[in-house]
Amino acid sequence: MRVHFIVHERFEAPGAYETWATRRGHEITFSRVYAGQPLPADARDIDLLIIMGGPQDPSVSVEECAHFDSKAEQALIASAVNSGKAVIGVCLGAQLIGEALGAPFAHSPEKEIGTFPIFMTDKGVMNEMFSHFGNTLDVGHWHNDMPGLTPEAEIIACSEGCPRQIVAYSDRVYGFQCHMELTPEVVELLIAHSDNDLRRAAEYRFVQSPDELRANDYSEMNRKLFTFLDKLASRYGQSKA
């Protein structure tokens, strides 16, 4: 499987997504746009497109952030979706999927930084791709916004602070507002970048301190993510057989 990552910032690393792709022996390529690496011209040589998070939102212009071309990314996402590729968006990436499909992003009711439970909706419980999640699962969060919803979209999971944590846009296209890719190494990168937010942690209901972030166990959600990705790879492979 050919997996391509769009990485917006060094501190928004692919983490467990890259670990999964490496362990499964998939071909991995990157557009590290923060380092000047270009986006693919199209999605022809991609089987799974994974768009990572970032401090931007989809409305940020190239004039405001020279390395982030929201419209170009949305065009690539739309091309991947329309050509039947598998697509996953994480945080900003999830919002960009919604935008690419005509569903504007929105601000989340709460800022969430840390590990908090998500709750599966009725649609989520019935969706075979997420059958191993159970009814609730502790996952990572690091966001202010949330993805938009198309008429066909199904909300798979929500949290107390955000009503759109996982969105299924189709059987191959998924937006994860939550960060199931977090590892201790990725968390350290995010802590180093988020000093202002974390210094004010006590002002928010769902923002943990650096010590709490470091104490979280991210391994179980990583394993759940790996199983989801295995299911998605199998579904994609069957569709191409």
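Cut-offs used in this document
- Residues numbered from 1 in each chain as written.
- Predicted model: local features only at pLDDT ≥ 70, side-chain atom pairs only at ≥ 80, totals over all residues.
- Heavy atoms only, no water.
- Helix = DSSP H or I, 4+ residues; strand = E, 2+ residues; numbered from the N terminus.
- Contact = heavy atoms within 4.5 Å.
- UniProt positions renumbered as here; feature names shortened; annotations may be inferred.
- Axes fitted to C-alpha atoms, helices over the stretch in contact; angles between N-to-C directions.
- Parallel < 35°, antiparallel > 145°, perpendicular 65-115°, else oblique.
- Nonpolar A, V, L, I, M, F, W, Y, C, P; charged D, E, K, R; others polar.
- Buried < 20%, exposed > 50% of the residue type's maximum accessible area, 1.4 Å probe, protein only.
- Pairing = 2+ DSSP bridges.
- Disulfide = S-S within 2.5 Å.
- Salt bridge = Lys/Arg side-chain N within 4 Å of Asp/Glu carboxyl O.

- Under an unreviewed UniProt entry, the name given to the chain is Glutamine amidotransferase, and the organism recorded is Kosakonia quasisacchari.

## Quick notes on the side chain of Gln74
Part 1 of the argument: Along the chain, Gln74 falls in helix H2 (residues 70-82).
Part 2 of the argument: Setting aside residues up to four positions removed in sequence, Gln74 forms contacts with Pro58, Leu96, Glu99 and Ala100.

## Some points on the UniProt feature "domain: Glutamine amidotransferase" (unreviewed entry) in the chain
Part 1 of the argument: Under the UniProt annotation, the feature "domain: Glutamine amidotransferase" (unreviewed entry) is placed at residues 42-185.
Part 2 of the argument: Secondary structure content for residues 42-185 is 20% helix and 33% strand, while the C-alpha to C-alpha distance between its ends is 32 Å.

## Things to note about the packing of H2 against helix H3 (residues 92-100)
Part 1 of the argument: It is the contact of H2 with H3, at a shortest axis distance of 9 Å, that shows an interaxial angle of 70°. As the angle between them shows, H2 and H3 are arranged roughly perpendicular. On the side of H2, the interface is formed by Ser70, Glu73, Gln74, Ile77 and Ala78, while H3 contributes Leu96, Ile97, Glu99 and Ala100.
Part 2 of the argument: Among the residues forming the contact of H2 with H3, the class breakdown is five nonpolar, two polar and two charged.

## Description of the pairing of strand E6 (residues 136-146)
In regular strands, side chains alternate between the two faces of the sheet.
Part 1 of the argument: Summarising burial for E6: eight of the 11 residues are buried, a large majority.
Part 2 of the argument: Inspection of the sheet shows strand E5 (residues 106-120) paired to E6 by 10 bridges, in the antiparallel sense. Bridged to Thr115 within E6 is Gly140.

## Section: the state of the cysteines
What makes a disulfide is a covalent bond joining the sulfur atoms belonging to two cysteines.
Part 1 of the argument: Per the stated rule, a full pass over the model turns up zero disulfides.
Part 2 of the argument: Not engaged in a disulfide, the cysteine Cys91 finds its nearest cysteine sulfur in Cys162; these two sulfurs lie 9.4 Å apart.
Part 3 of the argument: Considering cysteine sulfurs only, Cys162 is the nearest to Cys158, which forms no disulfide, with 8.6 Å between them.
Part 4 of the argument: Here Cys158 falls in the partly exposed class, since its relative accessible area comes to 22%.

## A short note on the pattern of salt bridges
Part 1 of the argument: In the structure shown here, the tally under the stated rule is 12 salt bridges.
Part 2 of the argument: Among the ionic pairs, Asp45 bridges to Arg2, the shortest N-O distance being 3.8 Å. Here the residue Asp45 occupies a position in the loop between strand E2 (27-32) and strand E3 (48-51), and Arg2 occupies one in strand E1 (residues 2-7), the gap between them amounting to 43 residues.
Part 3 of the argument: Under the relative-accessibility criterion, Asp45 is labelled exposed at 59%.
Part 4 of the argument: Taking the relative accessible area as the measure of exposure, Arg2 reaches 28% and is therefore partly exposed.
Part 5 of the argument: Among the ionic pairs, Asp42 bridges to Arg44, the shortest N-O distance being 2.9 Å.
Part 6 of the argument: The exposure class assigned to Asp42 is partly exposed, which follows from its relative accessible area of 24%.
Part 7 of the argument: In the salt-bridge network here, residues are joined through shared partners; they are Arg2, Asp45 and Asp47.

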